[in-house]
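Residue strings, one per chain:
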Amino acid sequence: MLGDDEILTVTLSDSADGLRLDRALAEALPDLSRERLKTLIKGGRVTDAAGTVLWDPSAKAAAAAKLAVRLPAPAPAHNVAQDMGLVIAYEDEHLIVIDKPTGMVVHPAAGNLDGTMVNALLHHCAGQLSGIGGVARPGIVHRIDKDTSGLIVAAKHDKAHEGLAKQFAAHSIDRRYIAIAAGRPMPASGTIDAALGRSSTNRKKMAVVAEGRGKHAITHYRTIEPLKNATLVECRLETGRTHQVRVHMAHIGHPLVGDPVYGRAKKPLSETLKARNFVRQALHAAHLGFIHPVTGNRIALDSELPADMRELIDELRV
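Keep in mind that this is a model prediction, so the values were computed, not measured.

J.: I keep staring at the overall build of the protein and nothing clicks. Help me out?
T.: The number of helices and strands found in the protein is seven helices and 14 strands. Overall, the protein is about 70 × 45 × 40 Å in size when its C-alpha atoms are taken along their principal axes. A total of 318 residues make up the protein; the buried ones form 45% of that total. Considering only contacts in the protein between residues 6 or more positions apart, those separated by 24 or more positions represent 65%. As displayed, the protein has an accessible area near 15,800 Å², and 51% of this comes from carbon and sulfur atoms. Across the protein, the centroid of the 40 positively charged side chains sits 7 Å from that of the 35 negatively charged ones.

Okay, structure coming up:
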């Protein structure tokens, strides 16, 4: 022990020669996930026999190398468990899928230190959440915006977290959103392939940027139903970037109805929104499909549109 840290010493096997450092350590320390070890390496918590800090998880390991891994003492969770009556779409001992209501923040951050989905998960799962996201984001594999409703999956342990994260990284998760877009997209169906990055004029906003400056992003959209001055669309994400659907639809000239950041409705649509006090982006994470990271079964879940979107659609029907 060093202070409150626990020191694990390990001698790598001959078979570890030439492997990535994080993989070699994961094979030598099966109780620690590779993702956890990668974080420890990047945090300067792995040293060689001479005491030199090994900072690069991708560095080549050497056979018979003697390494020390410094595990920090478990930090008390500063997030408070809160009973918030989660709507659960699916749950087993490995993962949980929440049907998130509008207005719920996914994880604590400045200005939203409690009342988040993480606070609710801490209560519901009684501490059984993946540690990969750290104290602030236990179990969180992906997120959806505060004012976007719908399906979001969380992991109860590191193996499930890593399995889901790999599918997100491989773009094999089936995520479909239902949205109300202003105007009438032409063509009625299409693909938006445009990189996203931070806006150069407002760091709180995302924007379409030149390829190579931001992250590759692809959204497939299709018209479900024409509405008065708007269109009900399905958006299928091939990638999952911050505000992707909102920015991509605004980029093609059809921002989401009610979006306070990327769109401003014109009359008479704006008058309808004001009369209904509809002040959020009309966006709902309606479908989530993935391969269960432990059982290998196909999971496919659907969520009904929330009442505010259903009522707005009814009013806008032609």
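J.: Help me out: how do you make sense of the nonpolar core in this one?
T.: General note: in soluble globular proteins, nonpolar side chains tend to be found buried as a group. Formed by 19 residues in total, the largest nonpolar core has its most connected members in Leu 12, Ala 24, Leu 25, Leu 29, Leu 37, Leu 67 and Val 69. The biggest single contributor to this core is helix H1 (residues 21–28), with four residues. Ignoring any residue separated from it by four or fewer positions in sequence, one finds Leu 25 in contact with Val 10, Leu 12, Leu 37, Ile 41, Val 46, Leu 67 and Val 69. In terms of nonpolar packing, the next biggest core, distinct from the first, is built from 17 residues, Ala 230, Leu 232, Val 257 and Phe 278 among them.

J.: Can you help me understand unusual backbone geometry in this one?
T.: Glycine aside, a negative phi is what most residues show, and trans is what most peptide bonds show. Following Met 186, the chain continues to Pro 187 via a peptide bond in cis, the omega torsion being 5°. Positionally, Pro 187 belongs in the loop between strand E7 (174–182) and strand E8 (189–193). Note the cis peptide between Lys 267 and Pro 268, where omega equals 5°. Its location among the elements puts Pro 268 in the loop between helix H5 (244–251) and helix H6 (269–276). The phi dihedral of His 171 falls on the positive side, at around 60°, and the residue is not glycine. Accessibility expressed as a relative area gives 36% for His 171, which makes it partly exposed. A positive phi angle is found at His 243, which is not glycine, with a value near 60°. On the secondary structure map, His 243 appears in the loop between strand E12 (230–237) and H5.

J.: In this structure, what is going on with the pattern of salt bridges? I would like to understand it.
T.: Where side chains of opposite charge bring their charged atoms close, a pairing between them can arise. Tallying each qualifying case throughout the model produces 14 salt bridges. Of the charged contacts in the structure, one is a salt bridge between Asp 22 and Arg 34, with a shortest N-O distance of 3.5 Å. With Asp 22 in helix H1 and Arg 34 in helix H2 (residues 34–42), this residue pair connects regions lying twelve residues apart in the sequence. For Asp 22, a relative accessible area of 0% gives the class buried.

J.: How should I be thinking about the layout of surface pockets in this particular structure?
T.: By rolling a water-sized probe across the atoms, one finds the places where empty space is left. Roughly 900 Å³ of volume is contained in the largest pocket. The set of elements that each furnish at least two residues to the lining of the largest pocket consists of helix H4 (158–169), E7, strand E9 (196–198) and H5. A total of four residues in the lining of the largest pocket trace back to one element, the largest contributor, which is H4. The residue makeup of the lining of the largest pocket, split by class, is 13 nonpolar, eleven polar and eight charged.

J.: Help me understand the side chain of His 243 in this model?
T.: Residue classification places His 243 among the buried residues on the basis of a relative accessible area of 17%. When near neighbours in sequence (up to four residues on either side) are disregarded, His 243 contacts Asp 145, Met 206 and Tyr 262.

J.: Just checking my understanding: could you explain the packing of H1 against H2 for this structure?
T.: Packed helices, taken two at a time, are described by the angle between their axes plus the distance between the axes. Close contact between H1 and H2 brings their axes to 9 Å; oriented N to C, the two are set at 125°. Taken together, the axis directions place H1 and H2 in an arrangement best described as oblique. The interaxial crossing formed by H1 with H2 has right-handed handedness. For the pair H1 and H2, the contacting residues are Leu 21, Asp 22, Arg 23, Leu 25 and Ala 26 in the first and Arg 34, Leu 37, Lys 38 and Ile 41 in the second. Here the residues of the contact of H1 with H2 sort into five nonpolar, no polar and four charged.

Calculation rules
Residues numbered from 1 in each chain as written. Predicted model: local features only at pLDDT ≥ 70, side-chain atom pairs only at ≥ 80, totals over all residues. Heavy atoms only, no water. Helix = DSSP H or I, 4+ residues; strand = E, 2+ residues; numbered from the N terminus. Buried < 20%, exposed > 50% of the residue type's maximum accessible area, 1.4 Å probe, protein only. Contact = heavy atoms within 4.5 Å. Areas by Shrake-Rupley, 256 points an atom, 1.4 Å probe, with all protein chains shown as cover. Lys, Arg positive; Asp, Glu negative; His and termini not counted. Charge placed at Lys NZ, Arg CZ, Asp CG, Glu CD. Core = buried A, V, L, I, M, F, W, Y, C linked by side-chain atoms within 4.5 Å. Salt bridge = Lys/Arg side-chain N within 4 Å of Asp/Glu carboxyl O. 1 Å grid on protein atoms, 1.4 Å probe; cavity = no way out; pocket = protein on both sides within 12 Å on 5 of 7 lines; lining within 4 Å. Points joined across faces, edges and corners; volume = space filled by probe spheres on them. Nonpolar A, V, L, I, M, F, W, Y, C, P; charged D, E, K, R; others polar. Axes fitted to C-alpha atoms, helices over the stretch in contact; angles between N-to-C directions. Parallel < 35°, antiparallel > 145°, perpendicular 65-115°, else oblique. Left-handed = near helix turned anticlockwise from the far one by under 90°.

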